[in-house]
Amino acid sequence: MSDSIDRTKLPLIFYRFLISRFLTGITMTGYIIFYSWLIVSIFHSVFLAGMLITITLAIEIGFSFPIGHLIDVFNNTTLNFYSNVIMILGFIILLFSGEIYFIYAATAISVLGWAIKLDTFSAIIKKHLSENLFKKANSLNNVTNSLSSILGTIMGGVSIILFPNYFKYILLAISTAAAILSVPVPEKSFKSEGRIQSFVKDVREAGLFIRKISGFLILAFFLNGLFISLDTYSSGLFKIVLKSSPLLYTIFSMSVPIGIIMGTPLANVGYFRKDRPFAISILVLLFSPFLIILSISKSPLLDIFDALLIGMILPIINIPLLTRLMKLVPKSIYGKVMAFLKIFTGGASPVMGAIFSFFVIFASIPIILLYVGILVIPLTLYGIWMIPRFFRLTPEFE
């Protein structure tokens with residue numbers, strides 16, 4: 001797994017870290033599912049259960065820059081290993097008590113480990129693989145991320161029903177296996193100056209790079225924000241508007257990740273094997289009719305199929321954009337740049353989630369989804385102009 005080795009196949013060591021990230025994703029998804037239900041069942045409070053998500057967002061966003069700096073300074077495979085150690089320490093807290101404060105403390109510590117795991121794995125791809133392997137690596141990461149979400153949901157739900165008393169031990173066992181798989185390897189350092197001088201230079205270069213891709217960031221922020229409408233309204237859409245069953249709602253919730261798994265291979269074959277900036281812009285436009293269908297549909301099955309198609313299109317758009325971004329960001333400032341992107345685009349989630357929750361006071365869910373679908377059209381026009389420009393950018397610092 002060396003920078004100087006140019007292979008057409010991903011090295012086995014990549015799969016070791018990929019499987020470790022995959023197992024870690026299962027534990028975190030299962031954790032949120034299980035303890036959200038447990039808190040509601042024991043404390044009869046949706047607010048207290050919702051605090052798990054609040055803690056998750058606060059840790060992920062609040063620690064983005066410190067994690068990004070660590071990524072630029074230290075061996076990323078070592079950080080990746082210690083991320084699982086941190087998660088194990090968090091889960092150990094659950095062995096002492098089931099009180100709400102212990103659950104919150106375990107959540108904060110384990111989410112910190114999870115955030116380090118995600119960010120360092122992206123940096124491992126950047127720093128240990130040749131550029132011609134980025135797209136394949138990101139595609140596999142995309143598939144396993146969706147699969148871990150599905151399996152984690154199933155694990156959490158099954159544990160609630162069959163063996164709730166043993167769930168904490170399952171978390172510890174899986175996290176230990178993930179730690180074993182992420183034993184560190186040597187990594188080339190990209191620092192040539194003293195730490196203080198290097199930090200100042202890196203911050204300046206990161207700022208220049210972010211300014212260079214500001215047009216892309218604007219598009220990513222608003223598109224990510226608009227898709228929060230699906231998360232915000234999905235339960236209300238199926239329960240209140242469609243008066244559907246919990247089973248169909250669960251299937252709908254899993255349709256997007258299943259679609260992502262189905263669509264990922266399409267991003268690597270045929271026409272989309274090469275970068276297609278204009279085609280990607282047009283695919284963004286397809287989200288408009290898909291969202292409009294959700295707004296006027298009276299059939300849960302049609303909505304499930306619609307969500308599946310949305311999931312299939314997402315990787316065809318996201319994988320080329322992420323791969324191009326990974327090629328553009330210099331290794332020496334990769335952590336800091338990706339930290340800013342995480343905060344900027346991730347910040348759309350709580351902001352737009354709050355806005356959409358406010359809108360539902362004045363309008364019905366179908367009407368709001370209709371307007372969201374219409375808003376995608378001007379964003380697409382902007383994307384047709386911006387996305388090709390993004391693909392024409394070249395690295396300046398490496």
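Residues numbered from 1 in each chain as written. Predicted model: local features only at pLDDT ≥ 70, side-chain atom pairs only at ≥ 80, totals over all residues. Heavy atoms only, no water.

Novice: Help me out: how do you make sense of the overall build of the protein in this one?
Specialist: Along the protein, the regular secondary structure elements total 15 helices and zero strands. Among the 398 residues that make up the protein, the fraction classed as buried is 52%. By sequence separation, contacts in the protein at least 24 residues apart represent 86% of the contacts at least 6 residues apart. (Helix = DSSP H or I, 4+ residues; strand = E, 2+ residues; numbered from the N terminus. Buried < 20%, exposed > 50% of the residue type's maximum accessible area, 1.4 Å probe, protein only. Contact = heavy atoms within 4.5 Å.)

Novice: I tried to follow the side chain of serine 139 on my own but got confused; where do I start?
Specialist: With respect to the helices and strands, serine 139 occurs in helix 6 (residues 134–162). On the basis of relative accessible area, serine 139 is assigned to the buried category, the value being 5%. Excluding anything up to four places from it in sequence, serine 139 contacts Thr264, Asn268 and Ile319.

Novice: Can you walk me through the packing of helix 6 against helix 7 (residues 167–181) in this structure?
Specialist: Between two packed helices, the angle of one axis relative to the other and the distance separating the axes together describe the packing. At a closest axis distance of 10 Å, the pairing of helix 6 and helix 7 adopts a crossing angle of 150 degrees. Overall, the two elements helix 6 and helix 7 adopt an arrangement that is roughly antiparallel. Only Phe167, Ile170, Leu171 and Ile174 of helix 7 make contact with helix 6, whose side of the interface consists of Met155, Gly156 and Ser159. Considered class by class, the residues forming the contact of helix 6 with helix 7 number five nonpolar, two polar and no charged. (Axes fitted to C-alpha atoms, helices over the stretch in contact; angles between N-to-C directions. Parallel < 35°, antiparallel > 145°, perpendicular 65-115°, else oblique. Nonpolar A, V, L, I, M, F, W, Y, C, P; charged D, E, K, R; others polar.)

Novice: Explanation requested: the packing of helix 1 (residues 12–43) against helix 6 in the structure shown.
Specialist: Axis separation between helix 1 and helix 6 bottoms out at 7 Å; the angle between their running directions is 35 degrees. For the pair helix 1 and helix 6, the sense of crossing is right-handed. Split into classes, the residues belonging to the contact of helix 1 with helix 6 amount to 14 nonpolar, 14 polar and one charged. (Left-handed = near helix turned anticlockwise from the far one by under 90°.)

Novice: Would you mind showing me how to read the confidence of the model for the protein here?
Specialist: As a general rule, the predicted coordinates of low-pLDDT regions are not to be interpreted in detail. Per-residue confidence for the protein gives a mean pLDDT of 83; residues scoring 70 or more make up 87%. For the stretch residues 1–6, pLDDT sits under 50, and the model shows 15 contacts to residues farther than four places along the chain or on other chains. (pLDDT = per-residue confidence, 0-100.)

Novice: Before we go on, may I ask you to explain the layout of surface pockets in this structure?
Specialist: Over the atoms a probe the size of a water molecule is rolled, and this reveals where empty space is left. Its boundaries defined by the atoms lining it, the second largest pocket holds a volume of some 200 Å³. Along its surface, the second largest pocket is lined by 14 residues, and Glu131, Asn132, Leu133, Lys135 and Lys136 are the ones closest to its centre. Contributing elements (two or more residues each) for the lining of the second largest pocket: helix 6 and helix 12 (300–328). Considering every element that reaches the lining of the second largest pocket, the biggest residue donor is helix 12, with four residues. (1 Å grid on protein atoms, 1.4 Å probe; cavity = no way out; pocket = protein on both sides within 12 Å on 5 of 7 lines; lining within 4 Å. Points joined across faces, edges and corners; volume = space filled by probe spheres on them.)

Novice: What is the right way to look at the packing of aromatic side chains in this model?
Specialist: We describe a pair of aromatic rings using the distance from one ring centre to the other and the angle between the two ring planes. Per the stated rule, a full pass over the model turns up 11 aromatic pairs. Centre to centre, the rings of phenylalanine 34 and tyrosine 35 are 5.0 Å apart; their planes meet at 75 degrees, and the pair counts as edge-to-face. When its relative accessible area of 4% is taken as the criterion, tyrosine 35 is described as buried. Following the ring pairs from residue to residue traces out a cluster consisting of Tyr31, Phe34, Tyr35, Phe91 and Phe167. (Phe/Tyr/Trp six-rings, centres within 6.5 Å; stacked < 30°, edge-to-face > 60°.)

Novice: Which parts of the structure should I look at to understand the pattern of salt bridges?
Specialist: Two side chains carrying opposite charge are able to pair once their charged atoms lie near each other. For the coordinates displayed, the defined rule picks out two salt bridges. With a shortest N-O distance of 3.1 Å, aspartate 72 and lysine 336 are connected by a salt bridge. With a gap of 264 residues between them, aspartate 72 in helix 3 (residues 64–73) and lysine 336 in helix 13 (residues 334–346) connect regions that are remote in the sequence. You can call lysine 336 buried: its relative accessible area is 6%. The partner of aspartate 119 in a salt bridge is lysine 342, with the nearest N and O atoms 3.3 Å apart. Of this pair, aspartate 119 sits in helix 5 (residues 100–128) while lysine 342 sits in helix 13, and the two are 223 residues apart along the sequence. A relative accessible area of 23% means that lysine 342 is categorised as partly exposed. (Salt bridge = Lys/Arg side-chain N within 4 Å of Asp/Glu carboxyl O.)

Novice: I'm lost on the environment of aspartate 202 in this one. Help?
Specialist: Tracing the sequence through the fold places aspartate 202 in helix 8 (residues 195–212). Counting along the chain gives 128 residues from aspartate 202 to proline 330, while the straight-line C-alpha distance between them is 9.9 Å.

Novice: Which parts of the structure should I look at to understand the nonpolar core?
Specialist: Among soluble globular proteins, nonpolar side chains are generally buried collectively. By size, the foremost hydrophobic cluster in this structure holds 99 residues, and its most contacted members are Tyr31, Tyr35 and Phe390. Among the elements that line this core, the one with the most residues is helix 1, at 14 residues. Excluding its chain neighbours within four sequence positions, the residues that come into contact with phenylalanine 390 are Ile213, Phe216, Leu321, Arg324, Leu325 and Leu328. (Core = buried A, V, L, I, M, F, W, Y, C linked by side-chain atoms within 4.5 Å.)

Novice: Would you mind showing me how to read helix 5 here?
Specialist: Side chains of residues three or four places apart in an α-helix project in the same direction, reflecting 3.6 residues per turn. An ideal rise of 1.5 Å per residue puts 42 Å on 29 residues; helix 5 measures up with 41 Å between its terminal C-alpha atoms. By the criterion of burial, helix 5 is predominantly enclosed, with 23 of the 29 residues buried. (Expected span 1.5 Å × (residues − 1).)

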